[in-house]
Amino acid sequence: FANCLEKEDTQQAILELMPRAGELGGETSGGIEDEQRGQIMIAFDRLWFGSFVSSIVDSRRSTIVLDELLSRKGFLMYFKLIHQDQDIVDRDPEISLQYNCKCLFDEEESGFAFRMEEWGWEEAEMHRPQNLTWKWVVPGKAVQVGFYPPLVIHRLLNWGWKLENKHVVLFSQ
């Protein structure tokens with residue numbers, strides 16, 4: 001939050017950056033008349049409060065919308081690597097994540113396509129599936145890519161998205 005302005009600081013910045021009164025049709029001495037200043041502040045208060053309330057409501061949304069899934073920023077895909085100590089069987093295995101690639105969900109004339117690019121590993125190391133499609137399993141809550149197990153969608157505390165199955169995790173950027 002270090003780069004965020006407090007409400008009062010933002011209001012002051014708007015006043016300083018606003019076109020001078022001559023452009024607004026007010027006094028010509030370069031300042032903003034009190035009535036115009038009041039109108040700007042009332043409008044800003046409503047806009048600020050509306051934006052604040054909308055962001056709070058949106059942060060509680062647990063289903064992804066199509067535009068978010070189709071974001072050009074894409075998702076970062078990680079493989080789940082399971083580390084199990086053969087001597088200890090009463091404890092859950094440790095799971096680490098290995099970056100694989102950037103993934104994009106696309107909507108094309110022929111349907112939904114899923115592309116992988118910007119590989120994290122050498123091209124020769126593994127098979128790269130091509131021509132994958134995706135579909136909603138439960139709209140906003142789960143998608144399936146190709147024949148792989150469905151990806152269940154979760155909202156993160158940072159308001160991003162996590163899509164996960166037993167093999168991979170995808171994080172929105």
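Each value, and the rule that gives it
- Residues numbered from 1 in each chain as written.
- Predicted model: local features only at pLDDT ≥ 70, side-chain atom pairs only at ≥ 80, totals over all residues.
- Heavy atoms only, no water.
- Helix = DSSP H or I, 4+ residues; strand = E, 2+ residues; numbered from the N terminus.
- Buried < 20%, exposed > 50% of the residue type's maximum accessible area, 1.4 Å probe, protein only.
- Contact = heavy atoms within 4.5 Å.
- Areas by Shrake-Rupley, 256 points an atom, 1.4 Å probe, with all protein chains shown as cover.
- pLDDT = per-residue confidence, 0-100.
- Core = buried A, V, L, I, M, F, W, Y, C linked by side-chain atoms within 4.5 Å.
- Patch = residues over 30% accessible without salt bridge, like charges linked within 9 Å, V, L, I, M, F, W, Y side chains within 5 Å.
- Salt bridge = Lys/Arg side-chain N within 4 Å of Asp/Glu carboxyl O.
- Disulfide = S-S within 2.5 Å.
- Polar contact = N/O pair within 3.5 Å; in protein donor to acceptor, adjacent residues only side chain to side chain.

So, the overall build of the protein chain
Item 1. Along its length, the protein chain carries 4 helices and 8 strands.
Item 2. With 173 residues in all, the protein chain has 25% of them scored as buried.
Item 3. Excluding contacts between residues fewer than 6 apart, the proportion of contacts in the protein chain whose partners are at least 24 apart in sequence is 41%.
Item 4. Put simply, the protein chain shows about 12,000 Å² of open surface, and 54% of that area lies on carbon and sulfur atoms.

Focus: the confidence of the model for the protein chain
Item 1. Confidence in the prediction for the protein chain averages 77 pLDDT; 63% of positions are at 70 or higher.
Item 2. For the stretch residues 19-30, pLDDT sits under 50, and the model shows 18 contacts to residues farther than four places along the chain or on other chains.

Describing the nonpolar core
Item 1. Core analysis: the largest hydrophobic core is formed by 20 residues, its most contacted members being Phe-105, Phe-114, Leu-163 and Leu-170.
Item 2. At the level of secondary structure, the elements contributing two or more residues to this core comprise strand E1 (75-83), strand E2 (94-108), strand E3 (111-117), strand E4 (132-138), strand E5 (142-145), strand E6 (151-155), strand E7 (161-164) and strand E8 (168-172).
Item 3. It is E2 that provides the largest number of residues to this core, a total of 3 residues.
Item 4. For Phe-114, the contacting residues outside a window of four places in its chain are Cys-103, Leu-104, Phe-105, Leu-132, Thr-133, Trp-134, Val-145 and Leu-170.

Remarks on a nonpolar patch on the surface
Item 1. Among the surface-exposed residues, Ile-82, Ile-95 and Leu-97 lie close enough to one another that they form a single nonpolar patch of about 290 Å² accessible area.
Item 2. Relative to the assigned elements, Ile-95 resides in strand E2.

Overview of the state of the cysteines
Item 1. According to the stated counting rule, one finds 0 disulfides in the structure shown.
Item 2. Unpaired in this structure, Cys-101 has its nearest cysteine sulfur neighbour in Cys-103, at a distance of 3.8 Å.

Re the environment of Met-116
Item 1. Looking at where Met-116 falls in the secondary structure, it is placed in strand E3.
Item 2. Remark: the alpha-carbon pair of Met-116 and Phe-75, spanning 41 residues in sequence, is separated by 9.5 Å.
Item 3. Ignoring anything within four residues of it in the chain, the contact list for Met-116 reads Met-77, Cys-101, Lys-102, Cys-103, Pro-129 and Leu-132.

A word on the side chain of Asp-106
Item 1. With respect to the secondary-structure elements, Asp-106 resides in strand E2.
Item 2. A polar contact of 2.6 Å, which involves the side chain of Asp-106, links it to the side chain of Arg-115.
Item 3. Contact partners of Asp-106, with chain neighbours within four places excluded, come to Leu-70, Arg-72, Gly-111, Phe-112, Ala-113, Arg-115 and Trp-134.

Some words on unusual backbone geometry
As a rule of thumb, non-glycine residues mostly have phi less than zero, and peptide bonds are mostly trans rather than cis.
Item 1. The residue Asn-131 is not glycine, and still its phi comes out positive at about 55°.
Item 2. Tracing the backbone through its elements, the reader meets Asn-131 in the loop between E3 and E4.
Item 3. We classify Asn-131 as exposed; its relative accessible area is 77%.
Item 4. Residues other than glycine seldom take positive phi values, yet Trp-159 does so here, at roughly 75°.
Item 5. Tracing the backbone shows Trp-159 in the loop between E6 and E7.

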